[in-house]
Amino acid sequence: MRHFGHIAPEVRQRLFHVEPCEFTADSSARLLAVALGATLYSPATRPRLADDIVKQTGRGVVSMVLCLEDSIGDDEVVDAEENLVRQFTDLAGREGMDPPLLFIRVRTPEQIPDLVRRLGPAARLLSGFVMPKFTEERGIPFMEALASAETASGRRLFAMPVLESPELLYRESRVDTLEGISRAVDKYRERVLALRLGVTDFCSSYGLRRAPDMTAYDVQVVASVIADVVNMMGRADGTGFTVTGPVWEYFRVQERMFKPQLRRSPFLEGKAEELREALIEHAMDGLLREITLDQANGLQGKTCIHPSHVLPVHALSVVSHEEFSDAQDILRPERGGGGVLKSAYTNKMNEVKPHRAWAERTLLRAEVFGVANEDIGFVELLAAGIPE
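Rules behind the numbers
- Counting from 1, residues in each chain are numbered in the order their sequence is written.
- Only residues with pLDDT of 70 or above have their local features reported here, since the model is predicted, and side-chain atom pairs are shown and tallied only from 80 upward, although totals for entire chains, interfaces and linings are computed over all residues.
- By convention in this description, side-chain values take in all heavy atoms of the structure and omit both hydrogens and water.
- Starting at the N terminus, helices and strands are each numbered in turn, a helix being any DSSP run of H or I of at least four residues and a strand any DSSP run of E of at least two.
- Put simply, the radius of gyration uses C-alpha atoms, and a globule should come to 2.2 Å times the residue count raised to 0.38.
- The criterion used for residue contact is that any of the two residues' heavy atoms lie within 4.5 Å.
- A positive count includes Lys and Arg, and a negative count includes Asp and Glu. His and the chain ends are not counted in either.
- By convention, charge coordinates are those of NZ in Lys, CZ in Arg, CG in Asp, or CD in Glu.
- Between buried and exposed lies partly exposed: a residue is buried under 20% and exposed over 50% of the maximum accessible area for its type, with that area taken using a 1.4 Å probe on protein chains only.
- In this description, strands pair whenever DSSP reports at least two bridges between them.
- When the strands point away from the viewer and the path from the first strand over the helix to the second turns clockwise, the crossover is right-handed.
- For Phe, Tyr and Trp, rings pair up if their centres lie within 6.5 Å, where Trp contributes its six-membered ring, and each pair is then called stacked (planes under 30 degrees apart), edge-to-face (over 60) or tilted (otherwise).
- Think of a salt bridge as a Lys or Arg side-chain nitrogen and an Asp or Glu carboxyl oxygen that are within 4 Å of each other.
- Buriedness of a pocket was judged along seven lines, with at least five required to meet protein on both sides within 12 Å; pockets are open sets of points on a 1 Å grid over the protein atoms alone, cavities are sets where a 1.4 Å probe fits but cannot get out, and lining residues have an atom within 4 Å of a point.
- Grid points are joined across faces, edges and corners, and a volume is the space filled by probe spheres set on the points.
- Amino acids outside the nonpolar list (Ala, Val, Leu, Ile, Met, Phe, Trp, Tyr, Cys, Pro) and the charged list (Asp, Glu, Lys, Arg) are all regarded as polar, and Gly is one of them.

Peer 1: So what about the overall build of the protein? Which residues, and what values?
Peer 2: Within the protein, the regular secondary structure consists of 16 helices and 12 strands. The C-alpha radius of gyration computed for the protein amounts to 21 Å, which stays within 12% of the reference 21 Å derived for 388 residues, consistent with globular compactness. Counting only C-alpha atoms and orienting by the principal axes, one finds that the protein spans roughly 60 × 45 × 45 Å. Put simply, 76% of the contacts in the protein that link residues at least 6 apart link residues at least 24 apart. On the protein, the mean spot of the 46 positive side-chain charges and the mean spot of the 57 negative ones are 2 Å from each other.

Put into structure tokens, the structure is as follows:
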């Protein structure tokens, strides 16, 4: 699989200076953590789930979470598990099918080995499990269950803990909770693909819900948690983990209070003005702003609950030609001793030592999402990826 693999090769050639790489579920954890991109959630109760997975794969989705937790009722769990086993078996029997990275969001640790056993040969399609309300106390049993399932199945299984518990939100318990989470995930570091933020649960603790023209960063009690999670868990010194962006809840705006946040100037050519109007109509201007703020705050990828959110996340993850040029300059072997140089675009200072970690992350993102040609921006990437 590869990002933007659903568009024609000749279109990719026009868009990309360096095309996104190909990868598989067996690629390195370092690469897969970035390649997750927009992770699309789907309730495990969907009766045509296998068909849904095939359809979304054809539209550029490369990672999905099939949910047995918050997205379904308590009385639906047994039926959802049975449906999940049926749908995985169906998918495994389809010749030539290259599914996305598939994860199951469970409720209890016991579900992990049980589901792997029930999936049988179809477990080869499974990349891992999403673990809700993760703290040190609640998380260790999940990680132990994952290790047991991995041993029994003989295949690599990843964990994606969700950081969403009230103990993490409340100021008086936040640092202790983060330190406990850090101990738990560090013990099982080789199995932890990414940490996911459960911002909806954070908001619920205070009876809050952000509007479609506001981002998670406008809700200060939530923004403070994100900052602390990145501070303690997302460091670039080798101790950190990939932390993914929070979910965007909206699909369409019926009435907006604030003016749109999407400037007209990037959309002036061709039919791009129509694209701008469609983005605004479906609350995408708020989503685009939040994705940009995610990236500025050290988050990678995003939790998505609607297919229309996937392409904007991926389009904004493509490395610009300017970023690529700066990153390459900073990491040239002859720059190993440090120093300052003027950007090849002659518009900024590149300071070799302070910008090295940024450059390394940028080149990894470039490998996964590609590098845009000099004259290609977000609008062209988004327009090219929209299904006919």
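Now that the structure has been shown, we can carry on.
Peer 1: Kindly report on the pairing of strand β2 (residues 38-43), identifying the contributing residues and their values.
Peer 2: The side chains of a regular strand alternate, first on one face of the sheet and then on the other. Burial within β2 is extensive, with five of its six residues counted as buried. Relative to strand β9 (residues 302-304), β2 runs parallel, the two being bridged by three bridges. Bridge pairing in β9 places Leu40 opposite Cys304. Of the pairings in the sheet, the one linking β2 to strand β3 (residues 63-67) comprises five bridges and is parallel in character. Note that in β3 the partner of Tyr41 across the bridge is Val65. Read as a crossover between parallel neighbours, the route from β2 over helix α3 (residues 49-57) to β3 is right-handed.

Peer 1: Go over the packing of aromatic side chains, please, and point to the residues and values.
Peer 2: The full count for this structure, using the stated rule, is three aromatic pairs. With a centroid separation of 6.0 Å and 65° between ring planes, the pair formed by Trp248 and Tyr250 is classed as edge-to-face. A relative accessible area of 1% means that Trp248 is categorised as buried. Using a relative accessible area of 17% as the deciding quantity, one classes Tyr250 as buried.

Peer 1: So what's going on with the pattern of salt bridges? Which residues, and what values?
Peer 2: If you walk through the whole model with that rule in mind, you get 33 salt bridges. With a shortest N-O distance of 3.6 Å, Arg105 and Asp70 are connected by a salt bridge. You can see Arg105 sitting in strand β4 (residues 101-105) and its partner Asp70 sitting in the loop between β3 and α4 (77-92), a full 35 residues away along the chain. Taking relative accessible area as the criterion, Arg105 reaches 8% and is therefore assigned buried. For the salt bridge of Glu322 with Lys348, the shortest nitrogen-to-oxygen distance reads 2.4 Å. Placement of Glu322 in helix α14 (residues 321-330) and of Lys348 in the loop between β10 (340-342) and β11 (349-351) is noted, with a sequence separation of 26 residues between them. Under the relative-accessibility criterion, Glu322 is labelled partly exposed at 23%. Classification of Lys348 as partly exposed rests on a relative accessible area of 31%. Linked by salt bridges that have partners in common, Glu69, Asp70, Arg105, Lys133, Glu164 and Asp201 make up one network.

Peer 1: Talk me through empty space enclosed by the protein; I want residue IDs and the actual numbers.
Peer 2: Tallied over the entire structure, the rule returns one cavity of 30 Å³ or more. Quantified by volume, the largest cavity comes out at close to 30 Å³. Lining the largest cavity, in full, are Ala25, Asp26, Ser127, Arg155, Arg156 and Phe158. Here the residues of the lining of the largest cavity sort into two nonpolar, one polar and three charged.

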